[in-house]
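For reference, the chains in residue letters:
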Amino acid sequence: MTTSLEWALGYGYVRLWERLHRAEEEKLFAAPPDELIAEATRDTLRLQGSNLENRDLLLDQLQRAASVLAFNAGVSAGVVPASASVVAGLAPPFHSGDDLIARRLIRQVRRAINEYRDDRRLALVRARNQLLKTIILTALVTYQLVALAVLAGVPRPAFTSAIAYFLIGATVGLFNRLYLDASAETAVEDYGLSAARLLHTPLLCGLAALGGALIVPLLSAQITPAIDTGAAAAAPPLAAIFDITQRPFTLVLAAVFGLTPSALISRLQSEAEKYKSDLKSSEAPAAH
Amino acid sequence: MPTEPDASPVPRPEPRQASWRAKLMAGLIVTSPVGSIVIGVVTGAIFILGVDGVRAVLAGLLVGGASWLVMGVAVIAYLPVDRANRSIHKELMTRMETMRADPMPASAETQLQALAQELGAALSSTASDEERRRLISQLQHPR
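Counting of residues starts from 1 at the beginning of each chain's written sequence and follows it residue by residue. Whichever chain is written first becomes A and whichever ligand is written first becomes 1, with later ones labelled in order. At least 70 in pLDDT is required for a residue's local features to be given in this predicted model, at least 80 for side-chain atom pairs to be given and counted, and no such filter applies to totals for whole chains, interfaces and linings, which use all residues. Only heavy atoms go into the side-chain values, all of them from the structure, while hydrogens and water stay out.

Chemist: Where do I start with the overall build of chain B in this structure?
Modeler: Think of it this way: any DSSP run of H or I at least four residues long counts as a helix, any run of E at least two long counts as a strand, and we number them from the N terminus. Scanning chain B from terminus to terminus reveals 5 helices and 0 strands. Put simply, chain B runs from its N terminus to its C terminus through helices and strands in the order α-α-α-α-α. Buried, partly exposed and exposed residues are distinguished by accessible area as a fraction of the type maximum, computed with a 1.4 Å probe on protein chains only: under 20%, between the cut-offs, and over 50%, respectively. Taken over 143 residues, chain B has a buried fraction of 40%. Note on contacts: a residue pair is in contact if any heavy atoms of the two residues lie within 4.5 Å. Sequence-distant contacts, at least 24 apart, represent 66% of the contacts inside chain B between residues at least 6 apart. Counting every atom, chain B has about 7900 Å² of accessible surface; 62% of that belongs to carbon and sulfur. Only the protein chains shown count as cover for residues, and the accessible areas themselves come from Shrake-Rupley with a 1.4 Å probe.

Printed below as a string of structure tokens:
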């Protein structure tokens, strides 16, 4: 993958975060005891609010390592005391070798937190790129529909009506997005996922509106029996369906069908919100 | 100690420069969702304006494709693709500058220098020799 493409797709930033985290872990390992104890306490706070699966195990590990460092440094303030059970090799009285083990444990915990956060970032980037691919394919298929209509020489009023239905669906879909966005978490960077969703909404809702405006009149003609013959009524011609002047109620149909993809859109949004919530929950309690 | 720092000079990675083709490709990919929509919109607009059949489709492809190309070029000309997201770039820079203020082992410094180059930040020594020696001594003789 070339550098530019890596940035364009968003993977470059995830790679840089990983690199920064590896440097941070190396620096932490070599930090003075007082700094290490403070960082361990900070990680304890991060873990306590996070959704990490093995959170309790990591917390226990961190508390023991901090206790060893505090014991060897002769300090106790700000250090969370270890629980009653004793891990092999980390029982008082502590030796200089225990100090090294404690450092490694603290680094391991930091790495677990960092990897968890990097995974969530990668998931956001992947979701965004997947959505962008869907947008491109949907737009190309829509273009083929337009080209087919143009090549078939559809009447211009019908073509204009179809565009009107599409636009109404897109407008209703975007209006619905206003409601969904009101409950969204905006404090966490989502690597362009919300922007991709914004682009996806009018396309999807517009197509749904167009489909609804076409299908409902065709189906209703088949389902509703004709009064005089008892047989199914003949389907209206496409030119009549796509004529706003003859069937203004189709505009309402388009608006209703413009709302139908909202379930899909809100599912995409809730998935992204989960990743963002995971990132937010494992954030450092204070800026550093 | 596996990550113990040493006093040897840290090799600095070479900066990676993207060619104009790679940049243009990146610009086209960034704008492809909008570009693919624009082609359809332009084709429809040309048809409504009075051009029929194949001519309308071809004109839509040409004009829409050209618009897409202009958008791609504009992206690489006016928006730095290497800094595609300013807020993330700023966050990474802040974190890196904070880390560089303190002495650190050579392995961390190597990582940070590579990071600085990729972010386009000016490189400077992260720690003085005295600080580094103190850190090495501290790690070799822990209390």
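Chemist: What is the right way to read the confidence of the model for chain A from this model?
Modeler: Do not read the fine detail of predicted coordinates wherever pLDDT is low. Residues and elements named next belong to chain A. Taken over all residues, the pLDDT of chain A has a mean of 82, while the share at 70 or more is 84%. What pLDDT conveys is the predictor's confidence in a given residue, as a value from 0 to 100. Mean pLDDT values for the elements of chain A range from 76 in helix α1 (residues 3–9) up to 91 in helix α5 (residues 96–152). Predicted confidence is poor over residues 82–89, with pLDDT under 50, and the contacts of this stretch with residues over four places away or in other chains come to 10 contacts.

Chemist: Even after reading the chapter, I still don't get the packing of aromatic side chains, so can you show me in this structure?
Modeler: Aromatic ring pairs are reported here in terms of the distance separating the ring centres and the angle at which the planes meet. Planes of paired rings set the category: under 30 degrees apart is stacked, over 60 is edge-to-face and the rest tilted, where pairs are Phe, Tyr or Trp rings (Trp by its six-membered ring) whose centres lie within 6.5 Å. Taken as a whole, this structure holds 2 aromatic pairs over all chains when the rule is applied. Each ring, one from F159 of chain A and one from F47 of chain B, has its centre 4.9 Å from the other, and the planes form 75 degrees; the classification is edge-to-face. Of this pair, F159 of chain A sits in helix α6 (residues 156–182) while F47 of chain B is found in helix α1 (residues 20–48), placing the two residues in two different chains. What makes F159 of chain A buried here is its relative accessible area of 6%.

Chemist: Can you walk me through the interface of chain A and chain B in this structure?
Modeler: Quite often, the size of an interface is put as the accessible area lost when its parts meet. Tallying the contact residues gives 50 residues for chain A and 59 residues for chain B. Buried area is understood as the total, over both parts, of accessible area removed when two parts are fitted together, assessed with a 1.4 Å probe. Both sides of the chain A and chain B interface together cover about 4900 Å² of buried area, and 69% of this is carbon and sulfur. For this document, the term salt bridge refers to a Lys or Arg side-chain nitrogen within 4 Å of an Asp or Glu carboxyl oxygen. Remark: the boundary between chain A and chain B carries 4 salt bridges. The partner of E118 of chain B in a salt bridge is R15 of chain A, with the nearest N and O atoms 2.7 Å apart. Polar contacts, as counted here, are pairs of nitrogen or oxygen atoms within 3.5 Å of one another; within protein the pair requires one atom able to donate a hydrogen and one able to accept it, and residues that are adjacent in sequence qualify only if both atoms are side-chain atoms. Applying the counting criterion to the chain A and chain B interface returns 8 residue pairs in polar contact (both at pLDDT 80 or more).

Chemist: Would you explain the domain arrangement of chain A in this entry?
Modeler: All names here are of chain A. For the domain bounds, the source is a domain assignment made automatically or taken from a database. Segmentation of chain A into domains returns domain 1 (4–120) and domain 2 (154–281). Between domain 1 and domain 2, the residue contacts involve 9 residues of the former and 6 residues of the latter. Ranking the residues of domain 1 by area buried against domain 2 places N51, R117 and R120 at the top, with a combined share of 61%. At the boundary of domain 1 with domain 2, the tally comes to 1 salt bridge. Close ionic contact of D278 with R120 constitutes a salt bridge, the shortest N to O distance being 2.7 Å. Inspection of the domain 1/domain 2 interface yields 5 residue pairs in polar contact (both at pLDDT 80 or more).

Chemist: Before we go on, may I ask you to explain the environment of L210 of chain A in this structure?
Modeler: Residues and elements named next belong to chain A. The residue L210 is located in helix α7 (residues 193–223) in this model. Here the alpha-carbon distance between L210 and L20, two residues 190 residues apart in the chain, equals 48 Å. Apart from residues no more than four positions distant in its own chain, L210 is found in contact with A162, Y165, F166 and F242.

Chemist: Even after reading the chapter, I still don't get unusual backbone geometry, so can you show me in this structure?
Modeler: Phi at Y191 of chain A takes a positive value of approximately 55 degrees, unusual for a residue other than glycine. As for its placement among the helices and strands, Y191 of chain A is situated in the loop between α6 and α7.

Chemist: Teacher, can you tell me more about the packing of α6 of chain A against α7 of chain A here?
Modeler: Helices that pack against each other are described as a pair by the angle of their axes relative to one another and the distance between those axes. Residue and element names in this part refer to chain A. Put simply, α6 and α7 touch, their axes get as near as 7 Å, and they point 135 degrees apart. Comparing their axes, α7 and α6 come out oblique. By crossing handedness, the relation of α6 to α7 is classed as right-handed. Contacts between α6 and α7 involve A162, Y165, F166, G169, A170, G173, L174 and R177 on the former and, on the latter, S194, R197, L198, T201, P202, L203, C205, G206, L207, A209, L210 and A213. To get an axis, a line is fitted to the C-alpha atoms, and for a helix only the part in contact is used. The angle between two axes follows their N-to-C directions and goes from 0 to 180 degrees. The scheme is simple: roughly parallel for angles under 35 degrees, roughly antiparallel for over 145, roughly perpendicular for 65 to 115, oblique for anything else. Each helix crossing is assigned a hand: it is left-handed if the near helix lies turned anticlockwise from the far helix by less than a right angle, otherwise right-handed if that turn is clockwise.

Chemist: How should I be thinking about the pattern of salt bridges in this particular structure?
Modeler: Opposite charge on two side chains permits them to pair, given that their charged atoms come into close proximity. Residue and element names in this part refer to chain A. Evaluated as defined, the whole model comprises 23 salt bridges over all chains. For the salt bridge of R121 with D118, the shortest nitrogen-to-oxygen distance reads 3.3 Å. One end of the pair, R121, and the other, D118, are both in helix α5, 3 residues apart, so they sit about a helical turn from each other. Under the relative-accessibility criterion, R121 is labelled buried at 5%. Owing to a relative accessible area of 3%, D118 belongs among the buried residues under this scheme. With its nearest N and O atoms 3.5 Å apart, the salt bridge here joins K276 to E273. Of this pair, K276 and E273 both sit in helix α10 (residues 262–281), 3 residues apart, roughly one helical turn. In this structure, K276 and E273 share a single accessibility class: buried.

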